[in-house]
Amino acid sequence: MSLDLSVVIPLYNEEESLPELVEWIERVCTEHKLSHEIIMIDDGSTDDSWKVVEELARDHQSVKGIKFQRNYGKSPALHEGFKAAMGNVVITMDADLQDSPDEIPELYSMIMTDGYDLVSGWKKVRYDNAVTKNLPSKLYNGVNRRLTGIKLHDMNCGLKSYKRKVVKSIEVYGEMHRFIPVLAKYAGFKKIGEKVVQHRPRKYGSSKFGWERFINGFLDLLSIQFVSRFGKKPMHLFGALGSFTFLLGFFFTASLIIDKIRLGADFGITNKPAFYLSLLAMMMGTLFFLTGFIAELITRNAADRNVYLMDEKIGWEN
Ligand code: UDP
Ligand code: MG
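A quick note: this is a predicted structure, and the numbers were derived from the prediction, not measured. (Residues numbered from 1 in each chain as written. Chains lettered and ligands numbered in written order. Predicted model: local features only at pLDDT ≥ 70, side-chain atom pairs only at ≥ 80, totals over all residues. Heavy atoms only, no water.)

Asks: I keep staring at the overall build of the protein and nothing clicks. Help me out?
Replies: Looking only at helices and strands, the protein has ten helices and seven strands in total. Radius of gyration (C-alpha) of the protein: 26 Å, far over the 20 Å computed for a compact globule of 318 residues. Summarising its shape, the C-alpha atoms of the protein cover approximately 90 × 60 × 35 Å along the three principal directions. Buried positions account for 43% of the 318 residues belonging to the protein. Counted over contacts in the protein with a minimum sequence separation of 6, partners at least 24 positions apart contribute 80%. Accessible surface, the protein: about 17900 Å² in total, of which carbon and sulfur atoms supply 60%. Both charge centroids of the protein, one from 41 positive and one from 39 negative side chains, sit 8 Å from each other. (Helix = DSSP H or I, 4+ residues; strand = E, 2+ residues; numbered from the N terminus. Rg over C-alpha atoms; globule rule 2.2 N^0.38 Å. Buried < 20%, exposed > 50% of the residue type's maximum accessible area, 1.4 Å probe, protein only. Contact = heavy atoms within 4.5 Å. Areas by Shrake-Rupley, 256 points an atom, 1.4 Å probe, with all protein chains shown as cover. Lys, Arg positive; Asp, Glu negative; His and termini not counted. Charge placed at Lys NZ, Arg CZ, Asp CG, Glu CD.)

Right under this line is the structure:
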């Protein structure tokens, strides 16, 4: 069965907003004649969210639910939603009514008509705390743009739309939901766009992410850069670093030895800071190398070491 649209909604303790959210999505989709499914992933809520999802699934044919046994996080919830999604276009949306379902038709047509692979919402006007969220978020998005080369103002907006192929090609894990456009880019999807979307204050409940998001986000960004560039050839990074550091130490040591030979007993090698620095550099170099070898052994054993995403194939029997 092919559907126009899958709306994927991760939720954690959002019982109050769900009925309103589903009604609203239904209204918009019916009005625009979009055949659709609403996939709600209850990420181990401790309130009555799941009961509400059950009721909604009973009343609406389009509503489907998945309930985690415990709270895993937004990324695992999205992962399961993406796995289940059947629509030609997949739209993700937060459950807290901060994203407006009125954006759905436009996000849909940007994928289907304008040919985007991924469109990310941009909360140009935000209704969140200015100091703890908006300002750090601006800074963070700036760093992101520089490091990844993806020109988005609001990488981590929960409201996004995708071609189905995109969500089936990427693997969101850990807390990588902040970097889905980066994952998509590295999977080979080039047409990544942006749409200014309305943002609304949180009506019920409270935010599930605190300030740690920025530290975790930055570390994840470094990991993602490392894995995408060197994940299949770690020695290229560690080997280069190792050789450089080791050689630096080696030349310092050599020059100390030459001085010793030239100056004889007057030259006390162990009195020189360069001696300790060069020892340190040689040791660090060796460690980098060993790390590189171990990383190579690990990648060699990775189940996906020879998995490549194919765009198309022609002339092959099934
Ligand atoms: N969420 C989730 N699992 C979590 C934390 C959050 O599924 O462990 C959901 C949450 O219910 C909401 C969305 O992720 O639908 C975004 O969370 P929130 O609104 O708290 O983030 P903010 O808007 O403050 O960035
Ligand atoms: Mg929110």
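There's plenty left to go through after this.
Asks: Before we go on, may I ask you to explain a nonpolar patch on the surface in this structure?
Replies: There is a patch of nonpolar side chains on the surface, built from Val143, Leu147, Trp211, Ile215, Phe218, Leu219 and Leu222 and spanning about 660 Å² of accessible area. Elements that contribute at least two residues to the nonpolar patch include exactly helix H5 (130–148) and helix H8 (212–230). Here the element with the most residues in the nonpolar patch is H8; it accounts for four residues. Looking at where Leu219 falls in the secondary structure, it is placed in helix H8. (Patch = residues over 30% accessible without salt bridge, like charges linked within 9 Å, V, L, I, M, F, W, Y side chains within 5 Å. Salt bridge = Lys/Arg side-chain N within 4 Å of Asp/Glu carboxyl O.)

Asks: I tried to follow the packing of H5 against H8 on my own but got confused; where do I start?
Replies: How two helices sit against one another is set out by the angle between their axes and by the gap between those axes. Packing of H5 against H8 brings their axes to within 11 Å, and their N-to-C directions diverge by 10°. Between H5 and H8, the angle falls in the class roughly parallel. Packed against H5, whose contacting residues are Thr132, Lys133, Pro136, Ser137, Tyr140, Val143, Asn144, Leu147 and Thr148, the element H8 presents Arg213, Phe214, Gly217, Phe218, Leu221 and Gln225 at the interface. (Axes fitted to C-alpha atoms, helices over the stretch in contact; angles between N-to-C directions. Parallel < 35°, antiparallel > 145°, perpendicular 65-115°, else oblique.)

Asks: Would you take a moment to explain a negative patch on the surface for this structure?
Replies: Taken together, the side chains of Glu23, Glu54, Glu55 and Asp59 present a region of like negative charge at the surface. Counting residues per element, the negative patch draws most heavily on helix H2 (residues 49–59), which supplies three residues. You can see Glu54 is positioned in helix H2. For Glu54, a relative accessible area of 36% gives the class partly exposed.

Asks: Teacher, can you tell me more about the pairing of strand E1 (residues 3–11) here?
Replies: Two faces belong to every sheet, and in a regular strand the side chains alternate between them. When you tally the buried positions in E1, you get eight out of nine residues, the bulk of the element. As paired strands, E1 and strand E4 (residues 87–92) are joined by five bridges and run parallel to one another. By the bridge assignment, Val7 is partnered in E4 with Ile91. In this fold, the crossover linking E1 to strand E2 (residues 36–42) by way of helix H1 (residues 18–31) has right-handed handedness. (Pairing = 2+ DSSP bridges. Right-handed = clockwise from strand over helix to strand, strands pointing away.)

Asks: Can you help me understand the UniProt feature "domain: Glycosyltransferase 2-like" (unreviewed entry) in the protein in this one?
Replies: The positions UniProt marks with the feature "domain: Glycosyltransferase 2-like" (unreviewed entry) are residues 6–169. Taken end to end, residues 6–169 is 43% helix and 20% strand, and its first and last C-alpha atoms sit 16 Å apart. (UniProt positions renumbered as here; feature names shortened; annotations may be inferred.)

Asks: I keep staring at the UniProt feature "transmembrane region" (unreviewed entry) in the protein and nothing clicks. Help me out?
Replies: When the UniProt feature table is mapped onto this chain, "transmembrane region" (unreviewed entry) is found at residues 237–258 and 274–295. Helix and strand shares over residues 237–258 are 100% and 0% respectively, and the end C-alpha atoms of the span are 32 Å apart.

Asks: I tried to follow H1 on my own but got confused; where do I start?
Replies: Three- or four-residue spacings in an α-helix give side chains the same orientation, since the helix completes a turn every 3.6 residues. In a regular helix each residue adds 1.5 Å, so 14 residues correspond to 20 Å; H1 covers 20 Å between its end C-alpha atoms and thus fits that length. Taken together, the buried positions of H1 are occupied by Leu18, Leu21, Val22, Trp24, Ile25, Glu26, Val28 and Cys29. Where H1 is buried, its residues touch E1, E2, H2, strand E3 (63–67) and helix H4 (104–112). Following H1 by one or two positions, Lys33 adopts a phi angle in the positive range, close to 50°. (Expected span 1.5 Å × (residues − 1).)

Asks: Any chance you could explain the site of ligand 1 here in plain terms?
Replies: Lining the immediate surroundings of ligand 1 are 18 residues, of which Asp43, Asp96, Lys133, Ser207 and Lys208 lie closest. A distance of 3.0 Å is found between an oxygen atom of ligand 1 and a side-chain nitrogen or oxygen belonging to Arg202. Within the backbone of Lys208, an N or O atom sits 2.6 Å from an oxygen atom of ligand 1. In the complex, 93% of the free accessible area of ligand 1, which totals 530 Å², lies under the protein chains. (Near = heavy atom within 4 Å. Polar contact = N/O pair within 3.5 Å; in protein donor to acceptor, adjacent residues only side chain to side chain.)

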